[in-house]
Amino acid sequence: MTERAVGDLDEVLGNLGVFRSSPDDLLATCPSGFRRVPITQGDGFYISLQGFAPNQVAFAHTHPDSEEWTVVLSGTGRALLADEPVPLSPGVVVGRAASHPHGFVSGDEPLRLLSIQLPRPKEGATTWDEPGGTSDPIECRWGGSCRRCPRCGGHSKRATAGLFSCENCTLDFSGAAQA
Ligand SMILES: [Zn+2]
Ligand SMILES: [Zn+2]
């Protein structure tokens, strides 16, 4: 068994033995950017829940070293794979081989995904193929101030004065909002 990181849902499982929850209770979606809750991770795998508010984008990127399986738990949207978007609806499974560029966009309702990455993408190996813009900072209903990560589209919270940190890709950034 691979060494596990702490702070994920599997830590909760370690304490409780049995664990039941709804993705809606775990994924605090926010209009600023999509969010991710790790379930369990190690060198060989990264399993997480991913939550999108309506009409939210995960900007296209590539993991050259990791394949990914995505299961749609609720909501609708599209997986952006090369030139052919794949429609997403509850129960759909999308497989993506390593080194295929990909992104996601949610429809008019929140989108919740189960993501299984094999193996865990290596630090620094990911390339960001289509970064977008950030958004104006807002007061987050989950506390603090937040805006969208311009690199991945992830939820980013104010860390220090003027500096925001992405929960998903760990990018630290400042600067004015763009389109
Ligand atoms: Zn927020
Ligand atoms: Zn990011």
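Analysis parameters
Residues numbered from 1 in each chain as written. Chains lettered and ligands numbered in written order. Predicted model: local features only at pLDDT ≥ 70, side-chain atom pairs only at ≥ 80, totals over all residues. Core = buried A, V, L, I, M, F, W, Y, C linked by C-beta atoms within 7 Å. Buried ≥ 20, exposed ≤ 12 C-beta atoms within 10 Å, placed from the backbone. Helix = DSSP H or I, 4+ residues; strand = E, 2+ residues; numbered from the N terminus. Contact = placed C-beta atoms within 7 Å. Pairing = 2+ DSSP bridges.

## What about the nonpolar core?
Here is step 1 of the chain: If you look at the biggest cluster of nonpolar residues, it comprises 15 residues, and the most contacted ones within it are Phe52, Ala58, Phe59, Leu88, Phe104, Leu111 and Cys152.
Here is step 2 of the chain: Looking at this core element by element, the count peaks at four residues for strand E3 (residues 57-62).
Here is step 3 of the chain: Residues contacting Leu88, with those up to four places away along its chain left out, are Val72, Thr76, Gly77, Arg78, Ala79 and Leu111.

## Remarks on unusual backbone geometry
Here is step 1 of the chain: Cis geometry marks the peptide bond from Leu118 to Pro119, where omega comes out at -15 degrees.
Here is step 2 of the chain: Locating Pro119 in the fold gives a position in the loop between strand E9 (111-118) and strand E10 (127-128).
Here is step 3 of the chain: Phi is positive for Asn55, close to 55 degrees, though the residue is something other than glycine.
Here is step 4 of the chain: Within the fold, Asn55 resides in the loop between strand E2 (45-52) and E3.
Here is step 5 of the chain: Residue classification places Asn55 among the partly exposed positions, given that 13 C-beta atoms sit within 10 Å.
Here is step 6 of the chain: Look at Ser99: it is not a glycine, yet its phi comes out positive at around 70 degrees.
Here is step 7 of the chain: With respect to the helices and strands, the residue Ser99 is situated in the loop between strand E7 (93-96) and strand E8 (102-106).

## Considering the sheet that holds strand E15 (residues 172-173)
Here is step 1 of the chain: One open sheet holds the five strands; their spatial order is E11-E12-E13-E14-E15, and the pairing between them is antiparallel. Looking at strand neighbours, the two that pair on one side only are strand E11 (138-139) and E15, the edges of this open sheet.

## What to know about the environment of Ser89
Here is step 1 of the chain: Tracing the chain through its elements places Ser89 in the loop between strand E6 (86-88) and E7.
Here is step 2 of the chain: Sequence spacing of Ser89 and Thr76 is 13 residues, and the spatial spacing of their C-alpha atoms is 4.7 Å.
Here is step 3 of the chain: Ser89 has contacts with Val72 and Thr76, leaving out every residue within four places of it along the chain.

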